[in-house]
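Below are the chains, spelled out letter by letter.
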Amino acid sequence: QVQLVESGGGLVQPGGSLRLSCVASGRTVSANAMAWFRQAPGKEREFVANINLSGVRKNYADSVKGRFTISRANAGNTVSLQMNSLKPEDTAVYYCAARTAYYPGTWSTGMMNYWGNGTLVTVSS
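Residues numbered from 1 in each chain as written. Predicted model: local features only at pLDDT ≥ 70, side-chain atom pairs only at ≥ 80, totals over all residues. Heavy atoms only, no water.

A. Highlighting the nonpolar core. If you look at the biggest cluster of nonpolar residues, it comprises 37 residues, and the most contacted ones within it are Leu4, Met34, Trp36, Leu81, Met83 and Tyr94. If you list the elements that add at least two residues to this core, you get β1 (2–7), β3 (18–26), β4 (33–39), β5 (46–51), β7 (68–73), β8 (78–83), β9 (92–99) and β11 (119–123). Discounting residues that sit within four places of it in the chain, leucine 4 has contacts with Cys22, Val23, Ala24, Met34, Cys96, Ala97, Ala98, Tyr114, Trp115, Gly116 and Asn117. (Core = buried A, V, L, I, M, F, W, Y, C linked by side-chain atoms within 4.5 Å. Buried < 20%, exposed > 50% of the residue type's maximum accessible area, 1.4 Å probe, protein only. Helix = DSSP H or I, 4+ residues; strand = E, 2+ residues; numbered from the N terminus. Contact = heavy atoms within 4.5 Å.)

In structure tokens, the structure reads:
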């Protein structure tokens, strides 16, 4: 079993920045590949970014390319999401997720084996 705990959410003005972190514990060998998803009010959960264990392979949703950066640290047990140039439409609950193997491209929620409880990001003036 893998436990994922997110932190770093909050209220930020449009154009601002925020950094989310997710710490994995437990059987972390099952969390070689990690990702961030988000769910806005009234909408389905959507893919944001993913990353492999070494941090070399990454992929982003078109809506966040050039603004968000995903990274890994702490022997791969911590994954972060640096969010810059935030827009009101980025407002959502952001979820950390994990699976064993990395595959290139965007991911669906059904591909993930483990989920965190989410952290709320609100972009508003």
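Having seen the model, we can carry on.
B. Structural detail: the pattern of salt bridges. Applying the stated rule across the entire model yields four salt bridges. Its salt-bridge partner being aspartate 90, residue arginine 38 comes within 2.9 Å of it at the nearest N-O pair. Of the two residues, arginine 38 sits in strand β4 while aspartate 90 sits in the loop between β8 and β9, which places them 52 residues apart along the sequence. Among the residues examined, arginine 38 registers a relative accessible area of 6% and is labelled buried. The buried category is assigned to aspartate 90, whose relative accessible area is 0%. The partner of lysine 65 in a salt bridge is aspartate 62, and the shortest N-O contact between them spans 3.2 Å. (Salt bridge = Lys/Arg side-chain N within 4 Å of Asp/Glu carboxyl O.)

C. Broad picture of the pairing of β8. By the criterion of burial, β8 is predominantly enclosed, with five of the six residues buried. Here β7 runs beside β8; their pairing, made up of six bridges, is antiparallel. Within β8, the residue paired with phenylalanine 68 across the bridge is methionine 83. Between β7 and β8, which pair antiparallel in sequence order, lie four residues; one of them, asparagine 74, sits at a positive phi of approximately 60°. (Pairing = 2+ DSSP bridges.)

D. Up close: the side chain of arginine 38. A distance of 3.5 Å separates a polar atom in the side chain of arginine 38 from a polar atom in the side chain of serine 63. The residues contacting arginine 38, other than those within four sequence positions of it, are Glu44, Arg45, Glu46, Val48, Ser63, Val64, Phe68, Glu89, Asp90, Ala92, Val93 and Tyr94. (Polar contact = N/O pair within 3.5 Å; in protein donor to acceptor, adjacent residues only side chain to side chain.)

E. Layout of unusual backbone geometry. Even without being a glycine, serine 85 presents a positive backbone phi close to 50°. Relative to the helices and strands, serine 85 is located in the loop between β8 and β9. Using a relative accessible area of 40% as the deciding quantity, one classes serine 85 as partly exposed.

F. Main features of the environment of glycine 15. Looking at the secondary structure, you find glycine 15 in the loop between β2 (10–12) and β3. In the structure, glycine 15 is positioned 108 residues away from valine 123 in sequence and 8.7 Å away in space, judged by C-alpha atoms. Not counting chain neighbours up to four residues away, the residues in contact with glycine 15 comprise Ser85 and Leu86.

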